[in-house]
Each structure stands twice: as C-alpha cells, then as structure tokens.
Amino acid sequence: MTIDEAQTTTAPISETAETTALVGPWKVVVLNDPVNLMSYVVLVFRKVFGFGESRARKHMLEVHEVGRSIVWCGLREQAEHFAFILQQWHLTAILERNETD
Amino acid sequence: MKRIEVKLSLAVVAPLLDVIKAVSESLDDQLAAAVQLERIDVDLRKAWRDELVASQNGDVQSLLALFDSDFFASGVVNFDEDNADAILRACAAVRLRLKDHYLNDMADEALESGEVALEVLTVDQRRYFMCYLFLATVQELVIEHLEPSVS
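What counts, and where the lines are drawn
- Residues numbered from 1 in each chain as written.
- Chains lettered and ligands numbered in written order.
- Predicted model: local features only at pLDDT ≥ 70, side-chain atom pairs only at ≥ 80, totals over all residues.
- Heavy atoms only, no water.
- Helix = DSSP H or I, 4+ residues; strand = E, 2+ residues; numbered from the N terminus.
- Phe/Tyr/Trp six-rings, centres within 6.5 Å; stacked < 30°, edge-to-face > 60°.
- Lys NZ or Arg CZ within 6 Å of the ring centre and 35° of its normal.
- Core = buried A, V, L, I, M, F, W, Y, C linked by side-chain atoms within 4.5 Å.
- Buried < 20%, exposed > 50% of the residue type's maximum accessible area, 1.4 Å probe, protein only.
- Contact = heavy atoms within 4.5 Å.
- Salt bridge = Lys/Arg side-chain N within 4 Å of Asp/Glu carboxyl O.
- Axes fitted to C-alpha atoms, helices over the stretch in contact; angles between N-to-C directions.
- Left-handed = near helix turned anticlockwise from the far one by under 90°.

A short note on the environment of Val48 of chain A
1) Next: With respect to the helices and strands, the residue Val48 of chain A is situated in helix 2 (residues 38-49).
2) Next: For the pair Val48 of chain A and Leu86 of chain A, spaced 38 residues apart in the sequence, the C-alpha separation amounts to 7.4 Å.

Structure follows, in structure tokens:
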C-alpha cells in the first residue's frame, strides 16, 4: 500500500448495523463442505446477512476449521428464510433449536 | 453497471463445455447439494425443495447461456451485475455435482488445494477436474471484479 492509499483509506465505523444477534429460539448453522471457495462463502454471508468483511470471514473460517458456524439466531420463520437462501447458494445450512433459550 | 469481458481460449474451454453441459443436464430435478429438511414442516418440504430446484435450474441456464454462438465466434464471455449471482450459484452447483458424482475418488484435501497429479488421473477424471478448476476460476473472476470488497 502506498502512503497516499494509506492516508485515504477509511476504516469501517462499526458493524452495529448488522442484522444478527446470536440469541433466539432457532439457530441457522452452516456446515463445512469441501467444494465451495472461501471467497465464495464470505461473499454469501455478506450478501445474505449483510455482514461486514471481518465478521463474514470469521464465520467462514469457523466453518472451515471447526466444521460448523452458527450464523444467525432468532424466530423460526426468519431462520427458515435464511436457511432457504443459503441453500439456494448451495451452502449446507441447517436449522437447530437453540437449547439455551 | 459494472461489467467485465473475459477472453477465453476456445481451444482450452470448448472441450470443457460439453462436460459442463452434460453435468448440468444430469442435475435435472436433483439438487446439487443435499439439503436437510428434518426441521422443516412436512407440508412445506416439497414446495421448499421444488423452489430450490427451480432456482438452481434458472441459474444453470444463465451459466450455459454464456457460451452461446457469440462465444464460439469471439471467445468472449460477459459478466455483469445482472448475471453475476446466478453464475456464481450455478458454478457452485456444477462443482458440487462434479465432486459428488465424478470426482468422488479424489481426496477432499487435494480438491481444495488443487494440488493433484494429473498423470495419475484417467482421461475422463482429468476432464472433470479441469471443469472443476475452470468453474472455480470463473467464480474467482466474478468475485474479484464484480464484488471487489470481498475478494
């Protein structure tokens, strides 16, 4: 990165506008698959949930390294909606009941 | 509207297109990725699956439409913000199908890294693997140029 670029680069203010909170009765979980590219999974998380880059990447790495990541929690109808959209993008998305609620 | 034109080598890509078309057609009304619908209401499952299949079919048609007579005349394919999502999803669908049905003898790690000794593959496996890599390259191009913030 050049000095000019460094001076004009703006850091993201925050990711507080993101739509998700990991609480609620239903979890949307994405499981690992050996096919989809990491950059593709990040893109999907950004498009579907409005995640910022770092948050999308964090979930992608969790999927890749742990085998699964809880990407959203909330009411069942909305969880079904997100699971469906993720499946349209060919990610392995499942619904789980949040036992902690 | 952002738009990219990619010039491909007809000599390299044309032989792969027959494979991609055949694999796409093999999807027919089957989903590329298995979906777990146990948590979905029984009454909803058929409609859920049917909608996924319809979406997948539309995406695959968008991918195949890239390689029309203009492509065979010029070797150029066009990606823009209108077709990018469908192309990305279709590439994922065909890659999943390739992995599950045609490259299932190959280790996941080898497919993920792309580090495969081509000389140990059969002629058919080699063609399927080249398609697998080609579609990944298409995805990377679209993500890099039309979704630069996530590349």
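Picking up after the structure, the text goes on.
Examining the packing of aromatic side chains
1) Next: All chains considered together, the criterion is met by eleven aromatic pairs over all chains.
2) Next: An angle of 75 degrees between the planes, with centres 5.2 Å apart, marks the rings of Phe71 of chain B and Phe72 of chain B as edge-to-face.
3) Next: Taken together, the ring pairs in this structure connect Phe45, Phe49, Phe51, Trp72 and Phe82 of chain A into an aromatic cluster.
4) Next: Directly above the aromatic system of Trp89 of chain A lies the positively charged group of Arg89 of chain B, at a separation of 4.8 Å from the ring centroid.
5) Next: One Lys or Arg, Arg95 of chain B, reaches over the ring of Tyr132 of chain B and ends 4.1 Å from the middle of that ring.

Some remarks on the nonpolar core
1) Next: By size, the foremost hydrophobic cluster in this structure holds 80 residues, and its most contacted members are Phe45 and Leu86 of chain A together with Leu63, Phe67 and Phe79 of chain B.
2) Next: By residue number, the principal contributor to this core is helix 6 (residues 123-146) of chain B, which donates eleven residues.
3) Next: When sequence neighbours within four positions are dropped, the list of residues in contact with Leu86 of chain A reads Val28, Val30, Val44, Phe45, Val48, Phe49, Val71, Leu91 and Ala93 of chain A.

Looking at the pattern of salt bridges
For side chains of opposite charge, pairing can occur when their charged atoms come near one another.
1) Next: Within this structure, the stated rule accounts for twelve salt bridges over all chains.
2) Next: A salt bridge links Arg3 of chain B to Glu5 of chain B; the nearest nitrogen and oxygen atoms lie 3.6 Å apart.
3) Next: Taking the relative accessible area as the measure of exposure, Glu5 of chain B reaches 55% and is therefore exposed.
4) Next: For Asp50 of chain B, the salt bridge goes to Lys46 of chain B, with nearest N and O atoms at 2.6 Å. Placement of both Asp50 of chain B and Lys46 of chain B in helix 2 (residues 42-65) is noted, with a separation of four residues, approximately one turn of the helix.
5) Next: Through salt bridges with shared partners, one network takes in Lys27, Arg68 and Glu96 of chain A.

Quick look at the packing of helix 4 (residues 76-88) of chain A against helix 2 of chain B
1) Next: Running from N to C, helix 4 of chain A and helix 2 of chain B point in directions that differ by 35 degrees, and their axes come no closer than 10 Å. Crossing angle aside, the handedness with which helix 4 of chain A passes helix 2 of chain B is right-handed. Every residue of helix 2 of chain B that contacts helix 4 of chain A at Glu80, Ala83, Phe84, Gln87 and Gln88 of chain A is listed here: Leu44, Trp48, Glu51, Leu52 and Ser55 of chain B.

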